[in-house]
Amino acid sequence: MNLPNKITIGRIFLIPLFMVVLLVPMDWGEVSIAGSTLPFTHLIGAVIFVVAAGTDWLDGYFARKYELVTNFGKFLDPLADKLLVTAALISLVELQMLPAWMAIVILSREFAVTGVRLVAAAEGEVIAASSLGKWKTVFQMVAITALLIHNVPFAAAGIPFAMITMWIAVILTLLSGWDYLVKNKHVVLKSM
């Protein structure tokens, strides 16, 4: 259990805290930022989400810098990302801040890719994330954060930044999913 893997596990443990803060009915009041008002719980949820998402960069940095890349880490890191994104998307749909179809598209791709990864793992093969998949993750994290903070500071200017980045995330999700499945079709075909 090296440091990057411990950081990844820490990210997983932040997910229930994120969901409790965001979804359990608590009236912590509201906060005004840049002309927008949002529930304080959404701001705290956004902070927890950003910290959890930031650990994705941190564990990767330590793994590469100190040559601590492991097969366990290659498997657990993308899984932790998927759990975090899944929790956030479902929470945003529950809060009526995101159309359900966008969450379904993103989550369907995540399940499909995870399925291929599991088949590959059963064959003794570990498939690392592609650069397109990493960009997809970046846009998902930015879009989710922007939605959680009610599009601050862009709301004051009438710029739908949160939804623009979510649309980009959805498009990258579809493109990276297709790319991933095409590049790894041999894994599925071999297991049939």
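Structural data are supplied above this passage.
Predicted model, so just to flag it, every value in this text is computed and none were measured. (Residues numbered from 1 in each chain as written. Predicted model: local features only at pLDDT ≥ 70, side-chain atom pairs only at ≥ 80, totals over all residues. Heavy atoms only, no water.)

Novice: Now, about the packing of aromatic side chains: what can you tell me, with residues and values included?
Specialist: Scanning the entire structure with this criterion turns up eight aromatic pairs. Here Trp 57 and Tyr 61 contribute two aromatic rings whose centre-to-centre distance is 5.3 Å and whose plane-to-plane angle is 15°, an arrangement assigned as stacked. Of the two residues, Trp 57 and Tyr 61 both sit in helix H2 (residues 40-65), four residues apart, roughly one turn of that helix. Using a relative accessible area of 32% as the deciding quantity, one classes Tyr 61 as partly exposed. Ring geometry for Phe 154 versus Phe 161: centroids 4.3 Å apart, planes at 20°, classification stacked. On the accessibility criterion, Phe 154 (29% relative accessible area) is partly exposed. Here Phe 161 falls in the partly exposed class, since its relative accessible area comes to 25%. Through a chain of ring-to-ring contacts, three or more aromatic side chains come together here, namely Trp 57, Tyr 61, Phe 62 and Tyr 66. (Phe/Tyr/Trp six-rings, centres within 6.5 Å; stacked < 30°, edge-to-face > 60°. Helix = DSSP H or I, 4+ residues; strand = E, 2+ residues; numbered from the N terminus. Buried < 20%, exposed > 50% of the residue type's maximum accessible area, 1.4 Å probe, protein only.)

Novice: Explain the packing of helix H1 (residues 3-23) against H2 residue by residue, including any values.
Specialist: For the pair H1 and H2, the least separation of the axes is 9 Å and the interaxial angle reads 170°. Put simply, H1 runs roughly antiparallel to H2. In terms of residue class, the contact of H1 with H2 is built from 16 nonpolar, five polar and three charged. (Axes fitted to C-alpha atoms, helices over the stretch in contact; angles between N-to-C directions. Parallel < 35°, antiparallel > 145°, perpendicular 65-115°, else oblique. Nonpolar A, V, L, I, M, F, W, Y, C, P; charged D, E, K, R; others polar.)

Novice: Lay out the pattern of salt bridges with the relevant residues and their values.
Specialist: Under the defined criterion, the tally for this structure stands at eight salt bridges. Taken together, the salt bridges that share partners define one network made up of Arg 11, Asp 56, Asp 59, Asp 77 and Asp 81. (Salt bridge = Lys/Arg side-chain N within 4 Å of Asp/Glu carboxyl O.)

Novice: Lay out the environment of Glu 30 with the relevant residues and their values.
Specialist: In this fold, Glu 30 is placed in strand E1 (residues 30-33). Along the chain, Glu 30 and Met 141 lie 111 residues apart, while their C-alpha atoms are 23 Å from each other. In this view, Glu 30 contacts Thr 37, Leu 38, Pro 39 and Phe 40; residues no more than four positions away in its chain are not counted. (Contact = heavy atoms within 4.5 Å.)

Novice: Any details on helix H3 (residues 71-94)? Residues and values, ideally.
Specialist: An ideal rise of 1.5 Å per residue puts 34 Å on 24 residues; H3 measures up with 35 Å between its terminal C-alpha atoms. Two residues or fewer after H3 comes Gln 96, characterised by a positive phi angle close to 60°. (Expected span 1.5 Å × (residues − 1).)

Novice: How would you summarise the packing of helix H5 (residues 131-148) against helix H6 (residues 161-183) if you had to cite specific residues and measurements?
Specialist: The contact between H5 and H6 brings their axes to 8 Å, and the two run at 155°. Relative to H6, the element H5 is oriented roughly antiparallel. Relative to H6, H5 is oriented so that their crossing is left-handed. Residue-level inspection shows Leu 132, Gly 133, Trp 135, Lys 136, Phe 139, Gln 140, Val 142, Ala 143, Ile 144, Ala 146 and Leu 147 of H5 in contact with H6, the latter providing Phe 161, Ala 162, Met 163, Thr 165, Met 166, Ile 168, Ala 169, Leu 172, Thr 173, Leu 175, Ser 176 and Asp 179. When the residues that make up the contact of H5 with H6 are grouped by side-chain class, the tally is 16 nonpolar, five polar and two charged. (Left-handed = near helix turned anticlockwise from the far one by under 90°.)

Novice: Describe the side chain of Glu 110, with residues and values.
Specialist: The topology assignment puts Glu 110 in helix H4 (residues 100-122). Look at Glu 110 and you get buried, because its relative accessible area is 4%.

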